[in-house]
Amino acid sequence: MISQILRDARKYEEEMEQTITKEQRPDFHLCTRVGWMNDPNGFSYYKGEYHLFYQYHPYDSHWGPMHWGHAVSKDLLHWRYLPAALAPDSGYDRDGCFSGSAVVLPDGRHLLLYTGVSGETQPDGSSKFDFRDPKMWQKPDGSYRCVVGNCTEDGDGQVLLFASENGIDWNFEKVLAKNQGRFGKMWECPDFFLLDGKAVLLTSPMDMLPYEFEYHNGNGTLCLIGSYDEKTDTFVEEKDQAVDYGIDFYATQTILAPDGRRILIAWMQNWDTCNLHTPAQPWLGQMTLPRELSVKNGRLYQTPIREIETLHGEEVRHENVTFTDVIRLKGVEGRKMDMELTIRPADMANMYHKFAVRFAQDDTYQTSVSFRPHESIVKVDRKFSGSRRAIIHQRRCLVNHQDGEIKLRLVLDRFSVEVFVNDGEYVLTATMYTDPAADGISFYADGEVTMDVVKYELK
Ligand code: FRU
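### Focus: the domain arrangement of the protein chain
- Under the domain assignment used here, the protein chain contains domain 1 (4-10 + 24-304) and domain 2 (308-458).
- One C-alpha centre belongs to domain 1, the other to domain 2, and the line joining them spans 30 Å.
- When domain 1 packs against domain 2, close to 3100 Å² is buried across both sides, 60% of that on carbon and sulfur atoms.
- When the buried area of domain 1 at its contact with domain 2 is split by residue, Phe-213, Tyr-245 and Ile-247 rank highest and sum to 22% of it.
- There are four salt bridges connecting domain 1 and domain 2.
- Salt-bridge contacts for Arg-382 lead to Asp-248; the nearest nitrogen and oxygen are separated by 2.6 Å.

Structure (structure tokens):
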């Protein structure tokens, strides 16, 4: 039985999506059908298609009573909306259907597990908000595990592990990981998986303190890499890092694709910067590009899913371009592209001071990605992207490079840039809602830079 609340939402989204043109949306990043989107939910592969649900408030471009939006895709790039899947229409979720996950049961049913929010506090007096975002998966032996975001009574984040034989009846196993005052407070949206011989715990801590060049996002994304003992379900941490060093990134969720790839997607916004849009903006909220994960030398690497190559249009190549000051290159412009830049000093004895690529550019606007080899800093800056608010517009990342040589792969999709540094060693993500007519690209060097450019327009 479908409730009236869900029926109303479905009718509303179907009508209202027509009012947003194709040009007002990203092309191959999933955005909300209408209104507001936050976390990815229920990322799963069911009956030959990827399913992605999302935190959804169709009626406004700001957060509100949470529904689950729903979309499907065969390649994670071309998405088709399905009717909203959940609405806050039952006693146990009347204040919102918060984040959760999905698996496919052996009998062919698609099981969704989510956080139902209702006004009552728990009997023990702990906050109803501090137990949420179940992420479940099936183990090779057929049993299920689930991690849940939680915090202790004094507000310190932790991840709880549950186990189930059938996906329906769950037992608490243990506290899988504890913050112990290190990374922010409440831990939201946990995920846990084995990859390249390591165990990876992802979570999004609220209220993080910056530490050197890590964790500058307030609400950030944390990756703990370590080892895992299957028999005792024990996770031992070895390393920590941020997942993304840009401005707009939060609440990751991964899937194990049928071909064995571990693919991550995240909300391409952040709570600190998502509430300053004008009412004129008819929607807010997109997902990142799905990213293939790997662990190398104790670090999480992310690369754009390889399916993006199927969108590659015309190739433009410029090799060994040596320049100082500002240049533009033939065939390099636009707001949708996959472009790799390899930067190095023209003269090893004379290190350049700064390199920058500026895009979404016209006489008024630009967004830039810059690199300063003396400081080893890559910076994304969207100060001139049209915002009239004095909020955070830039973020920096400390990177590795060999004598000023660095690779920057930029994926642009009208309203966003994702920068993959050194084949995915670091990623910086930012949205920019600059007028799409601003589609210029220029390159800047303080000092003498030699650069290779391989650019594909994206169809
Ligand atoms: C993370 C989060 C989740 C919660 C959801 C509510 O962004 O706060 O913890 O389930 O959003 O929309």
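### Section: the nonpolar core
- One finds Phe-355, Val-357, Phe-359, Phe-443 and Met-451 to be the most contacted residues of the largest nonpolar core, which totals 58 residues.
- Beyond its immediate stretch of four places on either side in the chain, Val-357 contacts Met-339, Leu-341, Thr-367, Ser-368, Val-369, Leu-410, Ile-441, Ser-442 and Phe-443.
- Tyr-54, Trp-79, Ala-87 and Leu-458 belong to the second-largest nonpolar core, a separate cluster that totals 33 residues.

### Description of the site of the ligand
- Taken together, 13 residues form the shell around the ligand, and within it Asp-39, Gln-55, Arg-132, Asp-133 and Glu-188 come nearest.
- Between an oxygen atom of the ligand and a side-chain N or O atom of Arg-132, the distance comes to 2.7 Å.
- One of the side-chain nitrogen or oxygen atoms of Trp-271 is found 2.9 Å away from an oxygen atom of the ligand.
- Looking at the shell around the ligand, the elements that each hand over two or more residues are β1 (35-46), β5 (96-104), β7 (131-138) and β11 (187-195).
- Residue composition of the shell around the ligand, grouped by class: six nonpolar, three polar and four charged.

### A few points about the side chain of Thr-254
- Checked against the element boundaries, Thr-254 lands in strand β15 (residues 250-256).
- Polar contacts involving the side chain of Thr-254 include one to the side chain of Asp-191, which spans 2.7 Å.
- Thr-254 has contacts with Phe-43, Lys-135, Asp-191, Phe-193, Leu-202, Arg-262, Ile-263, Leu-264 and Leu-293, leaving out every residue within four places of it along the chain.

### A short note on the sheet that holds strand β3 (residues 67-73)
- Across the sheet, which stays open at both edges, the five strands sit in the order β4-β3-β2-β1-β17 with mixed pairing between neighbours. Since the sheet does not close on itself, it has two edges, and those belong to β4 (79-86) and β17 (283-284), each with one partner.
- In this sheet, β3 lies alongside strand β2 (residues 49-57) in antiparallel orientation, the contact comprising seven bridges. Looking at the pairing, His-51 lines up with Val-72 of β3.
- Along the sheet, helix α1 (residues 4-16) contacts β2, β3 and β4; its crossing angle with β4, the most-contacted strand, is approximately 155°.

What counts, and at which threshold
Residues numbered from 1 in each chain as written. Predicted model: local features only at pLDDT ≥ 70, side-chain atom pairs only at ≥ 80, totals over all residues. Heavy atoms only, no water. Domains from an automatic or database assignment. Buried area = accessible area lost by both parts, 1.4 Å probe. Salt bridge = Lys/Arg side-chain N within 4 Å of Asp/Glu carboxyl O. Core = buried A, V, L, I, M, F, W, Y, C linked by side-chain atoms within 4.5 Å. Buried < 20%, exposed > 50% of the residue type's maximum accessible area, 1.4 Å probe, protein only. Contact = heavy atoms within 4.5 Å. Near = heavy atom within 4 Å. Polar contact = N/O pair within 3.5 Å; in protein donor to acceptor, adjacent residues only side chain to side chain. Helix = DSSP H or I, 4+ residues; strand = E, 2+ residues; numbered from the N terminus. Nonpolar A, V, L, I, M, F, W, Y, C, P; charged D, E, K, R; others polar. Pairing = 2+ DSSP bridges. Axes fitted to C-alpha atoms, helices over the stretch in contact; angles between N-to-C directions.

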